[in-house]
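Chain residues, written in single-letter form:
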Amino acid sequence: MYGYFSDLHVDLLSRGLLAPGEQRVGQTVTRYVPWWALGFINKTYLVIATDQRIIMVEHRMAWLHQAMKLHSVESMPWSTVQEARVTGLFGKKLRVRGQSPSGPVALKHRVPNPLFGLLAPMRNNVGGARAIEGAFRATRSLAAAPQVAALPPAAYAQAPYAPPA
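Reading the values: rules and limits
Residues numbered from 1 in each chain as written. Predicted model: local features only at pLDDT ≥ 70, side-chain atom pairs only at ≥ 80, totals over all residues. Heavy atoms only, no water. Helix = DSSP H or I, 4+ residues; strand = E, 2+ residues; numbered from the N terminus. Buried < 20%, exposed > 50% of the residue type's maximum accessible area, 1.4 Å probe, protein only. Contact = heavy atoms within 4.5 Å. Pairing = 2+ DSSP bridges. Core = buried A, V, L, I, M, F, W, Y, C linked by side-chain atoms within 4.5 Å. Salt bridge = Lys/Arg side-chain N within 4 Å of Asp/Glu carboxyl O. Patch = residues over 30% accessible without salt bridge, like charges linked within 9 Å, V, L, I, M, F, W, Y side chains within 5 Å. Areas by Shrake-Rupley, 256 points an atom, 1.4 Å probe, with all protein chains shown as cover.

*Asks:* In this structure, what is going on with the overall build of the protein? I would like to understand it.
*Replies:* Assigned secondary structure in the protein consists of two helices and seven strands. Reading the helices (α) and strands (β) of the protein from amino to carboxyl end gives α-β-β-β-β-β-β-β-α. When burial is assessed residue by residue, the protein has 38% of its 165 residues classed as buried. Long-range contacts, defined as pairs at least 24 residues apart, comprise 49% of the intrachain contacts of the protein with a sequence gap of at least 6.

*Asks:* What exactly am I supposed to notice about the pairing of strand 5 (residues 81–87) here?
*Replies:* For a regular strand, side-chain orientation follows a simple rule: the groups alternate between the two sheet faces. Most of strand 5 sits out of view: five of its seven residues are buried. Taken together, the six bridges between strand 5 and strand 6 (residues 93–100) define a ladder with antiparallel strand orientation. For A84, the partnering residue across the bridge sits in strand 6 and is V96. The antiparallel hairpin formed by strand 5 and strand 6 contains five residues in its connecting segment, where G88 sits at a positive phi of about 100°.

*Asks:* What exactly am I supposed to notice about the nonpolar core here?
*Replies:* Within soluble globular proteins, side chains that are nonpolar generally end up buried alongside one another. One finds V47, I54, M56, M76, W78, V81 and V96 to be the most contacted residues of the largest nonpolar core, which totals 20 residues. Every element with two or more residues in this core is listed here: strand 2 (43–50), strand 3 (53–62), strand 5, strand 6, strand 7 (103–110) and helix 2 (125–143). The contacts of M56, once residues within four sequence positions are left out, are Y45, L46, V47, S72, V73, E74, M76, V105 and L107. With ten residues, the next largest nonpolar core counts L13, V29, L46 and I55 among its residues.

*Asks:* It is not clear to me how the pattern of salt bridges should be interpreted in this structure. Could you clarify?
*Replies:* Two side chains of opposite charge can pair, provided their charged atoms sit close to one another. Applying the stated rule across the entire model yields eight salt bridges. Salt-bridge contacts for R60 lead to E58; the nearest nitrogen and oxygen are separated by 2.6 Å. On the accessibility criterion, E58 (6% relative accessible area) is buried. Across the salt bridge formed by E83 and R85, the nearest N and O atoms sit 2.5 Å from each other. Judged by its relative accessible area of 10%, E83 is buried. R85 gets classed as partly exposed once you look at its relative accessible area, which sits at 36%. Linked through salt bridges whose partners overlap, the residues forming this network are E83, R85, R95 and R97.

*Asks:* Looking at this structure, I do not really get unusual backbone geometry. What am I missing?
*Replies:* Only a minority of non-glycine residues have a phi that is not negative, and only a minority of peptide bonds are not trans. Unlike most non-glycine residues, N124 shows phi in positive territory, near 55°. Looking at N124, the relative accessible area reads 57%, which means it is exposed.

*Asks:* Any chance you could explain a nonpolar patch on the surface here in plain terms?
*Replies:* Together, L115, L118 and L119 give the surface a local cluster of nonpolar side chains, amounting to about 360 Å² of exposed area. With respect to the helices and strands, L115 occurs in the loop between strand 7 and helix 2. Of the residues examined, L115 reaches a relative accessible area of 53% and is grouped as exposed.

Interpretation in functional terms is not warranted from these geometric data alone.
Here you go:
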């Protein structure tokens, strides 16, 4: 069981988390429910990609209230992210690896999109995961751009310019 993340909920969370001038590029909802935990471990992540970093907002099930509660927020600048991609042929998974201030992060969580997205926890959930992957690739392509070589020091800079008479 998971809740639905409306656009209003995502907008309110991102207003509190984003720095001034930071633009949201994509967002998706992922789930981590391992089979061996028999449903006792039930984590839902709201993953928000911005032009500067990736933010993972963890929600957990509040068992006594049968509702989702905000548990933690993890943020990584794009320079410390080693991998962010969507994997899987039929069941999509978002794989994110990197180094956060609190330690290494490695998650490979399912991107739920049941019934062709009609019952997904967020509108355009798989498209948002692909937008996160695209944002990661865009930061890598900008970092891999060739650097412009510095100009050699000019020999004419030593003597002042004198106009001809």
